[in-house]
Amino acid sequence: LANARDIRDRVANDFRFLKGWMTQPRSVGSIKPTSEQAARLMVSLIPAGSDLPVLELGPGTGAITKAILAAGVSPERLVCIEYNAGFLSHLKKSFKGVTFLQGNAFDLKSALANHPHQKFAAVLSGLPLLNFPMAARTKLVEDAIGLMEQGGPYVQLCYGPKAPVPAKAGGFSATPTKWVLGNIPPARFWVYRAECGQA
Ligand SMILES: C[S@@+](CC[C@H](N)C(=O)[O-])C[C@H]1O[C@@H](n2cnc3c(N)ncnc32)[C@H](O)[C@@H]1O
C-alpha cells in the first residue's frame, strides 16, 4: 500500500511540475523533478555535525526537500525559498514543520529579512541558474556563501556542461560532482565554497 501511495504521489508531482513548467518555463527550467538518486547525491554534501539550519532554493514539488529530510535533517532545521505560489501551497501541505518563505532567491537579503536564522550549514539550490544573467548568478553565489559558516557549501543543480558560475580567484572555488545520468535531463552539481579568508 505504501508503495502504491508513493507511485501515486510521484505521478501527481510529475504532473504538477510539468504544469508549472508549461506556465513558467524559464523559472521552472525542467520538465521533471530531480530524481531520487540525484537528490541523494546533493544532500550528501550537507556537512555532518552542524546544528545550523539548511537553506533550500527553488524546492518546486519537493524532490530535494524530501531527500534532505530523509537524510536526517529535522523539519525545523530546514528553510526553503520558493517563488511559485502553486508549488508553495503544495509544499506547505506536504512537509509539516519546514519553513517555506515565498520570495525571490536572487534577493536573499529580502527573502530572509523576517527570518530569525541568518547563518546556514549549507545552501542547496535547484534554481534553473542557466536561465538567468551571469551577474545575477554570481551575486547569488556570493550572497549564499556569505550566509554560511566558513567552508559551508553552496550546492547548485546544473544540466549544462560548464560551471553555471566560474570560480572566482580570491572569492570562491567551484567543483563539480559526478554526472547523474538517470536524471531527466542528466544532471550534476557544482559545489561552491569560500576561499580561505572569505566569508
Ligand atoms: C528546476 S525547478 C527545481 C525544483 C526542485 N528543486 C527539483 O529539483 O525537482 C526550479 C524551481 O525554482 C523555482 N524558482 C525559479 N526562480 C526562482 C526565484 N527567483 N526564487 C525562488 N524560486 C525560484 C521554480 O519555481 C521551481 O520550483
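In short, a report on the structure. It should be emphasised that the depicted structure is a prediction, and the values quoted were computed from it without experimental measurement.

It is worth spelling out the packing of aromatic side chains at this point. For the coordinates displayed, the defined rule picks out three aromatic pairs. Relative to Phe-132, the ring of Phe-106 lies with its centre 4.4 Å away and its plane at 35°, an arrangement referred to as tilted. Here Phe-132 lies in the loop between strand E4 (122-125) and helix H7 (134-146) and Phe-106 lies in the loop between strand E3 (99-102) and helix H6 (108-111), a separation of 26 residues in the sequence. Comparing Phe-106 with Phe-132 shows no difference in burial state: the two are buried.

This part covers the sheet that holds strand E6 (residues 172-176). Strand order in the open sheet formed by seven strands is E3-E2-E1-E4-E5-E7-E6, with mixed pairing between adjacent strands. Each having just a single partner strand, E3 and E6 make up the two edges of the open sheet. For this sheet the average axis-to-axis angle between neighbouring strands, irrespective of direction, equals 20°. Those strands touched by helix H5 (residues 85-94) are strand E2 (78-82) and E3, and its axis lies near 165° from that of E3.

Here the structure, examined in full by the defined rule, presents five salt bridges. The salt bridge partner of Asp-9 is Arg-8, with a shortest N-O separation of 3.7 Å. On the accessibility criterion, Arg-8 (55% relative accessible area) is exposed. Of the charged contacts in the structure, one is a salt bridge between Asp-14 and Lys-32, with a shortest N-O distance of 2.8 Å. Taken together, the positions of Asp-14 in helix H1 (residues 2-23) and Lys-32 in the loop between helix H2 (25-28) and helix H3 (36-43) put the pair 18 residues apart, joining distant regions of the chain. Using a relative accessible area of 28% as the deciding quantity, one classes Lys-32 as partly exposed.

This next bit is on the site of the ligand. The environment of the ligand is made up of 23 residues, and the closest members are Val-28, Thr-34, Gly-58, Glu-82 and Asn-104. The contact in question runs from a nitrogen atom of the ligand to an N or O atom on the backbone of Pro-59, over 3.4 Å. Contacts to the ligand include Gly-60, whose backbone N or O atom sits 3.3 Å from an oxygen atom. A total of 600 Å² of accessible area belongs to the ligand in isolation, and the protein chains cover 98% of it. Tallied by class, the residues present in the shell around the ligand amount to 13 nonpolar, eight polar and two charged.

Another aspect to go through is the pairing of strand E7 (residues 188-194). A large share of E7 lies buried, amounting to six of its seven residues. Sheet topology places strand E5 (residues 154-158) next to E7; five bridges connect them, and they run antiparallel. The residue bridging Cys-158 from the neighbouring strand is Arg-188, located in E7.

Calculation criteria
Residues numbered from 1 in each chain as written. Predicted model: local features only at pLDDT ≥ 70, side-chain atom pairs only at ≥ 80, totals over all residues. Heavy atoms only, no water. Phe/Tyr/Trp six-rings, centres within 6.5 Å; stacked < 30°, edge-to-face > 60°. Helix = DSSP H or I, 4+ residues; strand = E, 2+ residues; numbered from the N terminus. Buried < 20%, exposed > 50% of the residue type's maximum accessible area, 1.4 Å probe, protein only. Pairing = 2+ DSSP bridges. Axes fitted to C-alpha atoms, helices over the stretch in contact; angles between N-to-C directions. Contact = heavy atoms within 4.5 Å. Salt bridge = Lys/Arg side-chain N within 4 Å of Asp/Glu carboxyl O. Near = heavy atom within 4 Å. Polar contact = N/O pair within 3.5 Å; in protein donor to acceptor, adjacent residues only side chain to side chain. Areas by Shrake-Rupley, 256 points an atom, 1.4 Å probe, with all protein chains shown as cover. Nonpolar A, V, L, I, M, F, W, Y, C, P; charged D, E, K, R; others polar.

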